Amino acid sequence: MTVHHFIEYLNAAIFFYAITVSLSYVVLAVLSARALHIYLRKNKFIDHNVTLTSPYAPSVSLIAPAYNEERTIVENIRSLLSIHYNAFEVIIVNDGSKDATMQTMIDAYNLEKVDFFVNAQIKCKTIKGVYKSTNKAYKKLVIVDKENGGKADALNAGINISQYDLITCIDVDCIIEQDAILKMVKPFMEEREHVIATGGVIRIANSCDIEDGRLLTARVPDSIIPRFQVIEYLRAFLLGRMAWSKLNGLLLISGALGFFDKKIVIACGGYNHNTVGEDMELVVRMRCYMSDHKRKYKVVYIPDPLCWTEAPGDTKILGRQRNRWMRGTMETLWMHKKLFFNPKYGLLGMLSYPFWMFFEWLAPIIEFLGLLYFIFLVIMGYSNWYFFLILFATVYFFAITISILSLVFEEYSYRQYNKHRDILKLVATLMLEPLIYHPRTVWWGLKGNFDKFKGKQAWGDMTRAGFQKKVIKS
Amino acid sequence: MLFRFRYLLLCFFVASAAMVFAQQSYVDEAAEMIESSLNSTEILIRVCTVLLILFTVFFIGFFITLMIARSTHRYDEQYEKNIKEKFELLLTGVIFNDDAEMQTDEWKASRKRVVKHFKKRYLHKRINKKYLREHIILLHKNFIGSAADVLRNLYIELKLDRQAIKELNSPDWGIQANAVKELAQLNITKATEKIKNRTQHENQILRLEAQVASIRLDKKDPFSFLDKNRNYLTEWHQVNLAHIIDQINRDLLPDFSRWFVSPNPTVVEFCIKMTLQYDQFASIPALSQLLYHKNQHVVGEAAKALGEFGVTEAQSDMLYVYRDAITPVKLQLLKAIGKCGNNEILPFLIQQLLQNDINIAMEAANSLKKLGEEGIAILEKQTLSNLYGVGDICKHVLDERI
């Protein structure tokens, strides 16, 4: 092959790739619009209070791992116990905290060790003890004290302890909407097909008004980095996942709030300790399990904002988070490489997996190579600046059009940010995003690739300013 | 392994590129190719220009849509708030009168004035009609007795029921479902037959609303839709039906065992639940027969109901079907045995406690505890068991704090 051919093929490949990415976004947007419209229309007739008072509603186990949370744990547990649902238990797994998390819980909730039989159906580190409160007001609370093993291990311990068939895994420091369980349990009750998991929308809580673990008013974050993430989350959740759910091709349910059928989770072996992307890996494994056993199933996504999380406020921490997400994606894709264009797995193998591979994992690499190629053309004097500017402007306007479309979706659905000024702030942010924020995400993605090849396994420290100041380390 | 391979691949590409650029001839060739391709970019420039204009127009369009939508929503919200405040003032004036006062001519005249005022002032606008309907429904949900009746009568006098009945003919399932819901809430029976025709509708929401309405409105045979129900009754559907059944007069409740022979197992399951909920003891013999139903979910539900009813006579049937039951049904049978069994069942429960399945052992232990002193004595003895898990299970079950 001559250089002539090589360059021609390279150009064609980049062109084809760019067109496919762009078209896929357009298709996803159309599917999302349809799915969102149907959901909102159906939702008008839904009265969740019926589930709240029904003796026939399924029971749910909420599992929240905690590591070095002594300053906020009491408040967080109180918030979880106040969730609107009839039959549920809250399982807090103290994952070998080095601070006084355990003692704080014992003191605050009058805990004492009980003779709890742990049905160890999934592997996890040694459980040192299970505690229940002597106060009947906290009878829904179960505290598990175990050796440190990371988030996945803590969740597995919680699953072993849980007594109900539906489990929800949550981040203890997130703010869960009071009706989150009512909404998330519905697909399990409503669908004729076997629902194995449901996920809800995660929103950014930075700068929002929060009191007693509840979100009072949603506000657009004051600082620019979380604001970029607001746009990113809106696009991902309202445009992306809604469409994938419609196609029944969802590969990821956010670790901050996910509902699962416990039997399937156990049959699959629970959360994987060997990846930093345990949330995505579990969903993919559950889907593989169902396909392997030729069982019809669904993974459902709910567009209601159900969980509010604090987004990283500076680039250093955000970079670590994105680095971890990239490594998690790579690990999951590698662990389930058998899915790649495998017709046996249907849409999962033929569409979802390749999409994640080409447009999530490889996207930063291809973008970076494209940039290098462009620099090469500039250095060699082969660049056509006029064409470059036109192409650049086209891509830029395409990107911001997709972003503003997600704002339109938000406006026609949940309208969490209800001032004109909020909209203007978000529009300004989305216009800056491709120029300022996106190059950074590409860089973090590349770094994630590099770190993965180097064999990095750690989660990395996540220091959060906190609704109250705190440090999370896992 | 893959990572190493990718390293090698990357090295290969870098080396190839280096070799290519080391040879001037290749560089020249590349230059020629790029120059020629640049000439052909004119068409691409045209395409890009068109796309650029298109995306710019879309962006501006979406931005304008966003701002207009925000303003419209704000205006609508404000308008809705204002109009509903006005409605509330008028409606509360009609509602809050004592019964004696409501019989006076003065009150009747004042009420007439209110109706006239509503019609003249507000109901010429479709949006106002919509808000008024919504508001009457909301208030009606929160009132009982004469206040609810006043609201219902006002709704009829304002001829809002006619519009709802007209909407039943809409091709849109959403509009139909809304009308059905409204007529059911206000107990307007004029269109009951029309609504009943929708109880087997293909749209799940409309079907549910029609069935709920049928239960509320049809005084003769409100559950006739169960006779011909071929659709799967999801848990959600069942929860909603159960909720509405809970609100109707108990005298209207049928003997739910009538549907135990339904070919639709979800209908049978639902009727078992209702049999239990409304203490229909007369259905116990029919319930016992359901332990031999071909659908395992029905068997589990029947066992649960028999357990709750405390039907000791069903114990032998439960033992009989236990052998071939699937594990979740076995667990339900064990649970039921704990509630309705007697001491004759103890050897069976000990046997289940000592076998290998932890979930079954746990349920057997729970049942032993529920059977009282003798069962508890067995559990206490077994706390010292060397068998895997048995001792710990017994301790767990005996711990009252859990």
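The rules behind each value
Residues numbered from 1 in each chain as written. Chains lettered and ligands numbered in written order. Predicted model: local features only at pLDDT ≥ 70, side-chain atom pairs only at ≥ 80, totals over all residues. Axes fitted to C-alpha atoms, helices over the stretch in contact; angles between N-to-C directions. Helix = DSSP H or I, 4+ residues; strand = E, 2+ residues; numbered from the N terminus. Parallel < 35°, antiparallel > 145°, perpendicular 65-115°, else oblique. Left-handed = near helix turned anticlockwise from the far one by under 90°. Contact = placed C-beta atoms within 7 Å. Nonpolar A, V, L, I, M, F, W, Y, C, P; charged D, E, K, R; others polar. Buried ≥ 20, exposed ≤ 12 C-beta atoms within 10 Å, placed from the backbone. Pairing = 2+ DSSP bridges.

A. Here's a closer look at the packing of helix 10 (residues 315–335) of chain A against helix 11 (residues 346–379) of chain A. Residue and element names in this part refer to chain A. The geometry of helix 10 relative to helix 11 is characterised by a closest axis approach of 10 Å and an angle of 155° between their N-to-C directions. On the basis of the axis angle, helix 10 is roughly antiparallel to helix 11. For the pair helix 10 and helix 11, the crossing hand works out as left-handed. Seen from helix 10, the contacting residues are T329, M330 and L333; seen from helix 11, they are W356, M357, E360 and W361. When grouped by side-chain class, the residues that make up the contact of helix 10 with helix 11 number five nonpolar, one polar and one charged.

B. Focus on the interface of chain A and chain B. Counting residues at the interface gives 47 residues for chain A and 54 residues for chain B. Only helix 1 (3–43), helix 2 (48–53), helix 6 (180–190), helix 12 (385–413) and helix 13 (420–454) of chain A provide two or more residues apiece to the side of chain A that touches chain B. It is helix 12 of chain A that contributes the most residues to the side of chain A that touches chain B, 15 residues altogether. Within the side of chain A that touches chain B, the residues separate by chemical class into 27 nonpolar, ten polar and ten charged.

C. Spatial organisation of the pairing of strand 8 (residues 194–204) of chain A. Residues and elements named next belong to chain A. Summarising burial for strand 8: ten of the eleven residues are buried, a large majority. Sheet analysis places strand 8 next to strand 12 (residues 297–309), joined by ten bridges and oriented parallel. Note that in strand 12 the partner of G199 across the bridge is Y301. In terms of strand pairing, strand 8 meets strand 11 (residues 257–261) through three bridges, oriented antiparallel. Bridging across to strand 11, G199 finds its partner in G258.

D. View of the packing of helix 14 (residues 296–309) of chain B against helix 16 (residues 327–340) of chain B. Residue and element names in this part refer to chain B. It is the contact of helix 14 with helix 16, at a shortest axis distance of 8 Å, that shows an interaxial angle of 15°. Classified by the angle their axes make, helix 14 and helix 16 are roughly parallel. When you trace helix 14 past helix 16, the crossing you get is left-handed. Contacts between helix 14 and helix 16 involve Q296, V299, G300, A303, K304, L306, G307 and E308 on the former and, on the latter, P328, V329, Q332, L333, K335, A336, K339 and C340.

E. Structural detail: the sheet that holds strand 7 (residues 175–176) of chain A. Residues and elements named next belong to chain A. One open sheet holds the ten strands; their spatial order is 3-4-5-2-1-6-11-8-12-7, and the pairing between them is mixed. Whereas interior strands pair on both sides, the edge strands pair on one side only; in this sheet they are strand 3 (111–114) and strand 7. Its contacts with the sheet put helix 5 (residues 151–161) on strand 1 (60–66), strand 2 (88–95), strand 4 (127–133), strand 5 (141–146) and strand 6 (166–170), and the angle it makes with strand 1 is roughly 150°.

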